[in-house]
Every structure is written in C-alpha cells, then in structure tokens.
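Residues per chain, in single letters:
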Amino acid sequence: MKVSRRSHVPPFAVMEVLAAANARRDAGESVLNLCAGEPATGASDVVRRRAIDLLESGDLGYTEAMGVPALRQAIADHYERTYGVVVDPAQVAVTTGSSGGFMLAFLAAFDAGDRVALARPGYPAYRNILAALGCEVVELDCGPETRYQPTVSQLMEAYYEGGLDGLVIASPANPTGTMIPPAELAALSAWCTDHDVRLVSDEIYHGIVYADPASPAGETATAAQYLDDGAVVVNSFSKYWAMTGWRLGWLLLPEDLVGAVDALAGNIALSPPALAQHAGVAAFSPEGYAAAAENVARYADSRALVLDRLDDLGWDPVAPADGAFYVYANVAASGLDSVTWCERLLADTGVALTPGTDFDGVRGGEWVRLSFAAAPEVVAEAVDRIVAWRAAGYRRV
C-alpha cells in the first residue's frame, strides 16, 4: 500500500536527541536536558486544583467545537487587560494546542499551491505542515542584519518573484528568541493588507520577555490589533502558563475565517480537551498570572547564567535573546557540525542541546539551540559542563 506524498516531511532532530538522552537517563547516567522548549514547573497550583475539582464533580463531555464560552471570554478579556485590544469572544477559537491551531488556520486560510513566506531560521512545524497541505513554502533568509526577523523589503522581493498568499511570523521567535518591534509589526501588517497577503502571527511566547534597554525590540506587540485587516493570531497555554501536556491553545480570527474554522474544528477534533479547557480558565486568575510571572523571573535568571558565559562557551555569533527561553548560538569555531557537536556533547557530558538543522536547512549545521526553561541550577551545571568540555578540546571530561 502507498504512503501519501504529503506525509513525507522531515522528522524533528530534537526527538532523536531526546530519545538518546532518555536512554542515558534510563541507564542511570546523569542527563541535563536543555533541548526541549518545555517549562520545568508545569501548570500552576490554581489550575491543578481546578482540574482536581473537575475530575471529581465536573462535566467533562464534548464541548463546543470552538471552545467553552467561559474560556473564550477569558481569552478575550486577557487581550484587553494585557494589550488594550478589544477582541470579540466570537472570534476566539480554542484549539488542541497551538499545533492544532496552526493546522486549522492553514486549512482555513490557504489552498494547495498557495505561496506562504516564513523566516529561516524558524520553527520547522510551520514549514512541514504547510508542505503537507500542498502549499509552497517561501523561506526568507533572516540573519543578524534583520535580527533574524522578516522585513518588508524581503516580502516585496518574494512577492514580485512569484506572488505571495501568506506570511507566518513569530515574536518572540523559536529558535532565536528575537522579537518584532511594534513599528515593524505595523509595517508588515500594512504591507500584507495592501497586497492581499494573509498574516499569521505566532505569539505563543508572549509574556516571556526580558527588559533590555539596549534592545531595539521594545515592547511586546500583538497582531490582535490587526484582526480587522485579516490577521490571525496563534497562542497557547504551553509556554507562559507552563501547560505543555494539557494541549490547549487558541486562535484569534478575522471574521472571514470564523465560519471556516468552526466547521473544520468540529470535523477534525469535535472539541478541544474538556478538562484542559475548564481548568484553563483559572490560568487567567490573579494566582495564575502570578505563577506565570514567577516562572519568567526564573527564566531571566537562567538566561543571565548563559549570556554571562558566552566567551567561556566560545559561541559567536548569538541571536539576541529578547524573549522565549532559548539561546541560538553559532558553534562553527569548534570545527564540528552542529549534529556531531550535539551528539558528542551528550555522549561526553550528558548535556542535551538541539542542533540547528531543525530550524535552518541551509546554515543550521553551524548552530545549536539551548533551552533555559529548566531550573537555574540545572542550566548552571550544564553550562559548566559545556565550558569544561570545550576546554578539553571537545573530548570527554
């Protein structure tokens, strides 16, 4: 029997690293896992308590395809409270994680053969989902000169080469952590509106940002203010609220996509996980926000631990880590490609990082991604091991 051509997408290299790290841990060896973008704390106590109450007495049957009204309202309230943007709850779609959100958004917004632009380096699932749906992915080569984010001039070039139907952006971005300043987001949105290009904004790391007066990124800007212009916002409970395994995300939709997403959601998944939805409302409580802020403070400590040791690590250049919980660094000076570098690092020190080949098919062989979502003491120990490994000539220490 045949296997569909659309399923021929590359696997994540990080999953191979995770498997090797887990095998070492199962064998009783010390492993420090900094390869996955997964907060170490997990969901806040207020969310856990609400989930316990629901398991004991709640109605956990099917919900509305677009999500329970209480959660959609809470999400809309979050945008007014956090950004001063008024969002109609009817334009909120609760999804099975941001991954489910991307699938629904791409299915609703793009047809097979449509050309959709995105930054390279970038999160590989954008490219792989679009390719599986028959879209043509247009990669924009984004380096330090653009702070690893797409520009209007790049869009113009891609547009005149063959047209564009969509643009996917991420701020803060994975793997670089860089952000799009408000003025640049406004310019990208205006260009998309003028050229009938659908803007899809990945904002799952919103809230995880670091105050740096020297950074040109400035304040966090949301594309939610451009819904009337056709923009789509994707977000999730996985990062800021540390609820990765709860598989809960959301879309903010322009009016022209609401009906399509509603129909698609009902046919594909019936409804998002009921337990996660009802418990997720508690994430927007004062206690939920406070727990998330405490997590961000821990990430800031871990971030400083890494950035203060860049010279010792021998990493150069390094993408500006404006937000999220990643450091994306060039390791070409080691003389090793990033896959070999990560394999040897794990074998020699027990530290797991992700090779850049997941994020950049052209220059990813020179880059690695470190996730500092782990506890600060774990990050500090991992950095010490990497520094010692480098001092030993990239041999077992």
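The following refers to the structure shown. For clarity, every value in this text was computed on a predicted model and none was experimentally measured. (Residues numbered from 1 in each chain as written. Predicted model: local features only at pLDDT ≥ 70, side-chain atom pairs only at ≥ 80, totals over all residues. Heavy atoms only, no water.)

## Some thoughts on the overall build of the chain
Logical step 1: In terms of regular secondary structure, the chain is built from 13 helices and 12 strands.
Logical step 2: A compact globule built from 397 residues would reach a C-alpha radius of gyration of about 21 Å, and the chain, at 21 Å, matches this within 12%.
Logical step 3: Burial analysis of the chain (397 residues in total) assigns 55% to the buried set.
Logical step 4: Partitioning the contacts of the chain with sequence separation of at least 6, the portion at a separation of at least 24 is 74%.
Logical step 5: Surface exposure of the chain reaches about 16500 Å², of which carbon and sulfur atoms provide 52%.
Logical step 6: Positive and negative charge centroids in the chain, built from 27 and 50 side chains respectively, lie 8 Å apart. (Helix = DSSP H or I, 4+ residues; strand = E, 2+ residues; numbered from the N terminus. Rg over C-alpha atoms; globule rule 2.2 N^0.38 Å. Buried < 20%, exposed > 50% of the residue type's maximum accessible area, 1.4 Å probe, protein only. Contact = heavy atoms within 4.5 Å. Areas by Shrake-Rupley, 256 points an atom, 1.4 Å probe, with all protein chains shown as cover. Lys, Arg positive; Asp, Glu negative; His and termini not counted. Charge placed at Lys NZ, Arg CZ, Asp CG, Glu CD.)

## Some remarks on the sheet that holds strand β12 (residues 367-371)
Strands pair in a sheet through their backbones, by hydrogen bonds, and they do so in one of two ways: parallel or antiparallel.
Logical step 1: Strand order in the open sheet formed by 3 strands is β9-β12-β11, and the pairing between neighbours is antiparallel. Of all the strands in the sheet, the pair left with one neighbour each is β9 (326-330) and β11 (354-355).
Logical step 2: Two elements, β11 and β12, share 2 bridges in a ladder whose sense is antiparallel. Bridging from a neighbouring strand, Pro355 pairs with Val368 of β12. (Pairing = 2+ DSSP bridges.)

## Some thoughts on the packing of helix α12 (residues 338-349) against helix α13 (residues 376-391)
Logical step 1: Interhelical geometry of α12 versus α13 gives an angle of 105° and a closest axis separation of 11 Å. Taken as axis vectors, α12 and α13 run roughly perpendicular relative to one another. Taking contact as the criterion, the partners of Trp341, Arg344, Leu345, Asp348 and Thr349 in α12 are, on α13, Arg385, Ile386 and Trp389.
Logical step 2: Of the residues assigned to the contact of α12 with α13, the class counts are 4 nonpolar, 1 polar and 3 charged. (Axes fitted to C-alpha atoms, helices over the stretch in contact; angles between N-to-C directions. Parallel < 35°, antiparallel > 145°, perpendicular 65-115°, else oblique. Nonpolar A, V, L, I, M, F, W, Y, C, P; charged D, E, K, R; others polar.)

## Quick notes on the environment of Leu71
Logical step 1: Counting through the fold element by element, Leu71 comes out in helix α3 (residues 69-83).
Logical step 2: Residue classification places Leu71 among the buried positions, given a relative accessible area of 0%.
Logical step 3: Measuring from C-alpha to C-alpha, the distance between Leu71 and Glu287 comes to 16 Å, with 216 residues separating the pair along the chain.
Logical step 4: The residues touching Leu71, leaving out its near neighbours within four places in the chain, are Val94, Phe237, Leu248, Gln277, Gly280, Val281 and Phe284.

## Description of a negative patch on the surface
Logical step 1: A cluster of acidic residues, Asp88, Asp228, Asp229 and Glu255, forms a negative patch at the surface.
Logical step 2: Turning to its location among the elements, Asp228 is positioned in the loop between β6 (198-202) and β7 (232-236).
Logical step 3: With relative accessibility at 76%, the residue Asp228 sits in the exposed group. (Patch = residues over 30% accessible without salt bridge, like charges linked within 9 Å, V, L, I, M, F, W, Y side chains within 5 Å. Salt bridge = Lys/Arg side-chain N within 4 Å of Asp/Glu carboxyl O.)

## Some remarks on the packing of helix α4 (residues 97-109) against helix α8 (residues 255-268)
Logical step 1: Where α4 meets α8, the closest approach of the two axes is 9 Å, and the angle between their N-to-C directions is 125°. With respect to their mutual orientation, α4 and α8 come out oblique. By crossing handedness, the relation of α4 to α8 is classed as right-handed. Facing Leu104, Leu107, Ala108 and Ala109 of α4, the residues of α8 in contact are Leu257, Ala260, Val261, Leu264, Ala265 and Ile268. (Left-handed = near helix turned anticlockwise from the far one by under 90°.)

## A look at the side chain of His78
Logical step 1: In this fold, His78 is placed in helix α3.
Logical step 2: When residues no more than four places from it in sequence are discounted, the contact partners of His78 are Tyr83, Trp241, Phe284 and Tyr289.

## Let's talk about the layout of surface pockets
Logical step 1: The volume enclosed by the largest pocket comes to roughly 650 Å³.
Logical step 2: Lining the largest pocket are 31 residues, with Phe12, Gly37, Tyr123, Asn174 and Lys239 positioned closest to its centre.
Logical step 3: If you list the elements that add at least two residues to the lining of the largest pocket, you get α1 (13-26), α4 and α5 (124-132).
Logical step 4: For the lining of the largest pocket, the residue count by class is 16 nonpolar, 9 polar and 6 charged. (1 Å grid on protein atoms, 1.4 Å probe; cavity = no way out; pocket = protein on both sides within 12 Å on 5 of 7 lines; lining within 4 Å. Points joined across faces, edges and corners; volume = space filled by probe spheres on them.)

## Quick word on the packing of aromatic side chains
Logical step 1: Per the counting criterion, the structure on display carries 28 aromatic pairs.
Logical step 2: Relative to Trp191, the ring of Tyr159 lies with its centre 5.6 Å away and its plane at 90°, an arrangement referred to as edge-to-face. On the criterion of sequence distance, the pair formed by Tyr159 in helix α6 (residues 152-162) and Trp191 in helix α7 (residues 182-194) is long-range, its members being 32 residues apart.
Logical step 3: Overall, Trp191 belongs to the buried group, its relative accessible area being 6%.
Logical step 4: Among the aromatic residues, ring-to-ring pairing joins Tyr79, Tyr83, Phe237, Tyr240, Trp241, Trp250, Phe284 and Tyr289 into one connected group. (Phe/Tyr/Trp six-rings, centres within 6.5 Å; stacked < 30°, edge-to-face > 60°.)

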